[in-house]
Amino acid sequence: MRKRIGILTSGGDCQSLNATMRGFAKAMYRQEPDACIYGFVNGYWGLMYNEYIEMTPDQFSGLLTRGGTILGTSRQSFKYMSEPDENGMDKVELMKGTYSRLKLDALVVLGGNGSIKSAQLLAKNGLNVVALPKTIDNDLYGTDLTFGFHSALDVATYAIDCVHTTAASHSRVFIVEIMGHKVGWLTLYAGIAGGADIILLPEIPYSVDAICRGIARRRSQDHKFTIIAVAEGAKSVEEAAMSKKDYKKALSERDTTSAAYHLAQEIQKSIQAEVRVTVPGHMQRGGSPTPYDRLIATRCGAAGAKAVKDGKFGVLVVFKNGKTTTIPLEETAGRLKTVPADHPLIQEARAVGISFGSEDDD
Ligand code: F6P
């Protein structure tokens, strides 16, 4: 019997979605030459509303270096997945309907945290789901690595590199805001790779005083500029101590939603130096995947096809100690992989004099 597989890309895009689909399709066609792959348009939306492309093998060619996603993506919040759509239709039933109408044997979901929760919901509803770990944030629980992370790291590091030369020329303090949602992996890696002097992560609440002292210390050592890499989700000690509700309120009362601009206002009150802010934003998700990311993407795709062949469903493909394997969706769904405060990279960064903006750094 011809194998019939659905595939979709969900949530925020990244550079290596196409490369991963290519890896999956190439492996799939090798194991099942007459497999039929249906690509759902714009993520779960296409699965809900029967919008798909019946793919041909040639459509998966030439994708290794192509950023974005040829299928399109959308954010379909998990929070509203169990609520009816604007026409009063049950979204899960709509997706189940498309899956059974197309007589699919499996559904492959390329997604991050929210998308994985929805994948688990579908698995619980009887769909044969294989999820592949996508996100520039590298925050999926249970996997050492996600595809997208290394390409974003490249862009974020390049942004810090560029800022370095201009900061030095003008003897300025520069704050570079790095994506990563609620976790600090991208900022930690890019901050170290880009030679940032101060790195601020959501996992290590910062003290404005400690940051200002760090800047003053550099000046006293005749370093005229300071580069601060701040994660978009970084919080001060005071903010970290707030309840979720109070923190939300505090955020809404700020005159900027940007962690970097907010920090610039805060430190500018205490130091004389000129402070500038750079936010590379979605550039971090754009362009071509790096060679390493293409490798990760190809491996994830091949591992996904193997899971389909082996009939391993309700799973996420993960990297563990350099190898690909799978874990049950319930083991990862709804859990974040945050940066442990005692992570070796943090210790090594401290050893070379990088500050994390906390009182412990003094
Ligand atoms: O999860 C990827 C990510 O780029 C996060 O780093 C960031 O917080 C978020 O998506 C931005 O989302 P959007 O593209 O919807 O603005």
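Placed above this text is the structure.
Right, let's walk through the structure included here. (Residues numbered from 1 in each chain as written. Predicted model: local features only at pLDDT ≥ 70, side-chain atom pairs only at ≥ 80, totals over all residues. Heavy atoms only, no water.)

### As for unusual backbone geometry
Next up, step 1: Positive phi, normally seen in glycine, also occurs at Asn50, with a value near 60°.
Next up, step 2: A relative accessible area of 34% means that Asn50 is categorised as partly exposed.
Next up, step 3: Even without glycine at this site, Ser171 takes up a positive phi of about 50°.
Next up, step 4: Of note, Ser171 is situated in the loop between helix H5 (149–170) and strand E6 (173–178). (Buried < 20%, exposed > 50% of the residue type's maximum accessible area, 1.4 Å probe, protein only. Helix = DSSP H or I, 4+ residues; strand = E, 2+ residues; numbered from the N terminus.)

### Looking at the environment of Leu251
Next up, step 1: Along the chain, Leu251 turns up in helix H9 (residues 244–253).
Next up, step 2: A sequence separation of 170 residues divides Leu251 from Met81, and the C-alpha atoms of the two residues are 27 Å apart.

### As for the sheet that holds strand E2 (residues 36–40)
Next up, step 1: Read from one edge to the other, the open sheet built from seven strands follows the order E3-E2-E1-E4-E5-E10-E11, with strand pairing classed as mixed. The strands lining the two open edges of the sheet, one partner per strand, are strand E3 (52–54) and strand E11 (323–328). Strand after strand, the sheet turns through a mean of 25° between neighbouring axes, direction not considered.
Next up, step 2: In this fold helix H1 (residues 17–31) packs onto strand E1 (4–9), E2, strand E4 (106–111) and strand E5 (129–133), with an angle of close to 170° to the strand it touches most, E1.
Next up, step 3: Relative to the sheet, helix H4 (residues 113–124) contacts E4, E5 and strand E10 (315–320), its axis offset from that of E4 by approximately 165°. (Pairing = 2+ DSSP bridges. Axes fitted to C-alpha atoms, helices over the stretch in contact; angles between N-to-C directions. Contact = heavy atoms within 4.5 Å.)

### A closer look at the packing of aromatic side chains
Next up, step 1: A full pass over the atoms with the stated rule returns six aromatic pairs.
Next up, step 2: On the numbers, 5.7 Å between centres and 55° between planes, the contact of Trp45 with Tyr49 is tilted.
Next up, step 3: With a centroid separation of 5.1 Å and 80° between ring planes, the pair formed by Phe149 and Tyr189 is classed as edge-to-face. Pair noted here: Phe149 is in helix H5 and Tyr189 is in helix H6 (residues 185–193), with a separation of 40 residues, a long-range link.
Next up, step 4: An aromatic cluster is defined as three or more aromatic residues linked by ring pairs; in this entry it consists of Tyr38, Phe40 and Tyr52.
Next up, step 5: Stacked on the ring of Tyr247, the Lys or Arg Lys235 has its end atom at 4.4 Å from the ring centre. (Phe/Tyr/Trp six-rings, centres within 6.5 Å; stacked < 30°, edge-to-face > 60°. Lys NZ or Arg CZ within 6 Å of the ring centre and 35° of its normal.)

### Observations concerning the site of the ligand
Next up, step 1: Within the structure, the ligand sits among Arg75, Ile136, Asp137, Met179, Gly180, His181, Glu232, His282 and Arg285.
Next up, step 2: In this structure, an oxygen atom belonging to the ligand sits 3.1 Å away from a main-chain N or O atom of Gly180.
Next up, step 3: Between an oxygen atom of the ligand and a side-chain N or O atom of Arg285, the distance comes to 2.8 Å.
Next up, step 4: Protein chains shield 71% of the accessible area of the ligand, which is 400 Å² for the free molecule.
Next up, step 5: Here the ligand is seated within the largest pocket.
Next up, step 6: Residue composition of the shell around the ligand, grouped by class: two nonpolar, three polar and four charged. (Near = heavy atom within 4 Å. Polar contact = N/O pair within 3.5 Å; in protein donor to acceptor, adjacent residues only side chain to side chain. Areas by Shrake-Rupley, 256 points an atom, 1.4 Å probe, with all protein chains shown as cover. 1 Å grid on protein atoms, 1.4 Å probe; cavity = no way out; pocket = protein on both sides within 12 Å on 5 of 7 lines; lining within 4 Å. Sits in = over half its atoms within 2 Å of the grid points. Nonpolar A, V, L, I, M, F, W, Y, C, P; charged D, E, K, R; others polar.)

### With respect to the pairing of strand E8 (residues 226–231)
Next up, step 1: In terms of burial, E8 is largely enclosed, as six of its six residues are buried.
Next up, step 2: Residues Thr226, Ile228 and Val230 line one face of E8 and the alternating positions Ile227, Ala229 and Ala231 line the opposite face, and both faces are buried.
Next up, step 3: Where E6 and E8 come together, six bridges link them in parallel fashion. Bridge pairing links Val173 to Thr226 in E8.
Next up, step 4: Inspection of the sheet shows strand E7 (residues 198–200) paired to E8 by three bridges, in the parallel sense.

### Quick look at the nonpolar core
Next up, step 1: Membership of the largest hydrophobic core comes to 61 residues, with the highest contact counts inside it found for Phe24, Ile37, Ile227 and Phe356.
Next up, step 2: Setting aside residues up to four positions removed in sequence, Phe24 forms contacts with Ile5, Ile7, Ile37, Val108, Gly301, Ala302, Gly304, Ala305 and Val308.
Next up, step 3: Tyr44, Ala131, Leu316 and Leu329 belong to the second-largest nonpolar core, a separate cluster that totals 29 residues. (Core = buried A, V, L, I, M, F, W, Y, C linked by side-chain atoms within 4.5 Å.)

### Describing the layout of surface pockets
Next up, step 1: Approximately 1700 Å³ is the volume found for the largest pocket.
Next up, step 2: Top element by residues in the lining of the largest pocket is H9. It accounts for five residues.
Next up, step 3: The residue makeup of the lining of the second largest pocket, split by class, is four nonpolar, five polar and six charged. (Points joined across faces, edges and corners; volume = space filled by probe spheres on them.)

### A short note on the environment of Gly322
Next up, step 1: Looking at the secondary structure, you find Gly322 in the loop between E10 and E11.
Next up, step 2: Classification of Gly322 by relative accessible area gives partly exposed; the value is 48%.
Next up, step 3: With 308 residues separating them in the primary sequence, Gly322 and Cys14 have C-alpha atoms 22 Å apart.

### Focus: H1
Next up, step 1: Counted at 1.5 Å a residue, the expected span for H1 with its 15 residues is 21 Å, and the 21 Å between its end C-alpha atoms agrees.
Next up, step 2: Among all positions of H1, only Leu17, Asn18, Ala19, Thr20, Met21, Arg22, Gly23, Phe24, Ala25, Ala27, Met28 and Tyr29 are buried.
Next up, step 3: Tucked inside the fold, the buried residues of H1 contact E1, E2, E4, E5 and helix H11 (291–310). (Expected span 1.5 Å × (residues − 1).)

### Overview of the sheet that holds strand E9 (residues 275–278)
Next up, step 1: Pairing within the open sheet is parallel, and its four strands lie in the order E7-E8-E6-E9. With partners counted over all chains shown, the strands left at the sheet margins are E7 and E9, one partner each. Adjacent strand axes in the sheet meet at a mean angle of 20°, parallel and antiparallel pairs treated alike.
Next up, step 2: Its contacts with the sheet put H6 on E6, E7 and E8, and the angle it makes with E7 is roughly 170°.
Next up, step 3: Those strands touched by helix H10 (residues 259–268) are E6, E7, E8 and E9, and its axis lies near 155° from that of E6.

### Here's the deal with the packing of H1 against H11
Next up, step 1: At their nearest, the axes of H1 and H11 sit 7 Å apart, and the two run at 40° to each other. Considered as vectors, H1 and H11 are oriented oblique to each other. As for how H1 packs across H11, the hand of that crossing is right-handed. When H1 is examined against H11, the residues Ala19, Thr20, Arg22, Gly23, Phe24, Ala27, Met28 and Gln31 are found in contact with a partner set consisting of Ala297, Thr298, Cys300, Gly301, Ala302, Gly304, Ala305, Lys306, Val308 and Lys309. (Parallel < 35°, antiparallel > 145°, perpendicular 65-115°, else oblique. Left-handed = near helix turned anticlockwise from the far one by under 90°.)

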